[in-house]
Amino acid sequence: MKNSIDVIHVTKNDPDGILKTIKSFHLKNKYFKLFKIKETVVDGSDDETSIKIREICVKYNVRYIKQMGKGISDAFNVGVMASREEWSWFVNGGDLLYRDIDVNLFERNLRLVKSDYAIFKTLVDGRENEFPEINKMWPPIINWICHPSMLVKTAVLKENIFDEHYSIAMDGDLWIRLLPNTKGYILPQIIAEFNTGGLS
């Protein structure tokens, strides 16, 4: 669906973290005018915790998917393959929509992107990350693009799924494949808060 974003939340055994993440979006939902925001939780929790997380999703009208595979890369792929929205954005349990995000600026920026991806700024453990120009991004292992920083066209991700052999380096591996073969923009706006200790 054009002008739509699927915010994919991967979580595992952390109902408090996923609740904070969902709440951070619901506080700002009314400000989104140009894009439809859909949220999807992909849950790899044990059965008891999954009940709690499913209840949170029902309360906040968030789509819930129980992850049957293993690992965070598999969970990302489950979310991508289930999505029907134009853009995919990975903001995992414990990560947050930036509290001071200018939603109008974010929407205007994203609407101008007529390519495959947009890379924004993120607060990583409270510190603002910086990216060089696109032509200086190589190699992406050094210029690490964390998943809450990136919005990628869902159709592009379906053709370039995350490598399930990786539990941490999946972002770097994705961009090694994407950067030489796709086009996008780096935009100087903070959109999310990322906790490096929040691995699922």
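About the criteria used
- Residues numbered from 1 in each chain as written.
- Predicted model: local features only at pLDDT ≥ 70, side-chain atom pairs only at ≥ 80, totals over all residues.
- Heavy atoms only, no water.
- Core = buried A, V, L, I, M, F, W, Y, C linked by side-chain atoms within 4.5 Å.
- Buried < 20%, exposed > 50% of the residue type's maximum accessible area, 1.4 Å probe, protein only.
- Helix = DSSP H or I, 4+ residues; strand = E, 2+ residues; numbered from the N terminus.
- Contact = heavy atoms within 4.5 Å.
- Phe/Tyr/Trp six-rings, centres within 6.5 Å; stacked < 30°, edge-to-face > 60°.
- Lys NZ or Arg CZ within 6 Å of the ring centre and 35° of its normal.
- Polar contact = N/O pair within 3.5 Å; in protein donor to acceptor, adjacent residues only side chain to side chain.
- Axes fitted to C-alpha atoms, helices over the stretch in contact; angles between N-to-C directions.
- Parallel < 35°, antiparallel > 145°, perpendicular 65-115°, else oblique.
- Left-handed = near helix turned anticlockwise from the far one by under 90°.

A few points about the nonpolar core
Soluble globular proteins tend to pack their nonpolar side chains together in the buried interior.
Point 1. Core analysis: the biggest nonpolar cluster contains 24 residues, and Ile5, Trp89, Phe106, Leu110, Phe120, Leu151 and Ile191 have the highest contact counts within it.
Point 2. The set of elements that each furnish at least two residues to this core consists of β1 (4-11), β4 (87-90), α4 (103-112), β6 (117-124) and β9 (184-194).
Point 3. A per-element tally of this core places β9 first, with four residues.
Point 4. Dropping the residues within four chain positions of it, Phe106 is found in contact with Ile5, Phe32, Trp89, Ile101, Phe120, Leu151, Gln189 and Ile191.

With respect to the packing of aromatic side chains
Point 1. A complete count under the given rule lists eight aromatic pairs for this structure.
Point 2. Arranged with centres 5.4 Å apart and planes meeting at 85 degrees, the rings of Phe90 and Phe162 form a pair that is edge-to-face. Here the residue Phe90 occupies a position in strand β4, and Phe162 occupies one in the loop between α5 (154-159) and α6 (170-178), the gap between them amounting to 72 residues. Across the pair, exposure class does not vary: Phe90 and Phe162 are buried alike.
Point 3. In textbook terms, an aromatic cluster arises when at least three aromatic residues are bridged by ring pairs, as seen for Phe25, Phe32, Trp89, Phe106 and Phe120.
Point 4. Its guanidinium or amino end placed over the ring of Trp87, Lys153 lies 5.0 Å from that ring's centre, counting from NZ or CZ.

Re the environment of His165
Point 1. Within the secondary structure layout, His165 lies in the loop between α5 and α6.
Point 2. His165 gets classed as exposed once you look at its relative accessible area, which sits at 77%.
Point 3. Placed 93 residues apart in sequence, His165 and Ile72 show a C-alpha to C-alpha distance of 10.0 Å.
Point 4. One polar contact links His165 to Asp163, side chain to side chain, over a distance of 2.7 Å.

Some thoughts on the packing of helix α1 (residues 15-26) against helix α2 (residues 47-59)
Point 1. Where α1 meets α2, the axes come as close as 10 Å, and the angle between the chain directions of the two elements is 15 degrees. Here α1 is positioned roughly parallel relative to α2, judged by the angle of their axes. Seen from above, α1 lies across α2 with right-handed handedness. Residues Pro15, Ile18, Leu19 and Ile22 of α1 pack against Thr49, Lys52, Ile53 and Ile56 of α2.

Overview of the environment of Asp163
Point 1. Here Asp163 lies in the loop between α5 and α6.
Point 2. Sequence spacing of Asp163 and Asp74 is 89 residues, and the spatial spacing of their C-alpha atoms is 8.0 Å.
Point 3. Non-local contacts of Asp163, meaning those with residues more than four positions away in its chain, are made with Ser73, Asp173 and Arg177.

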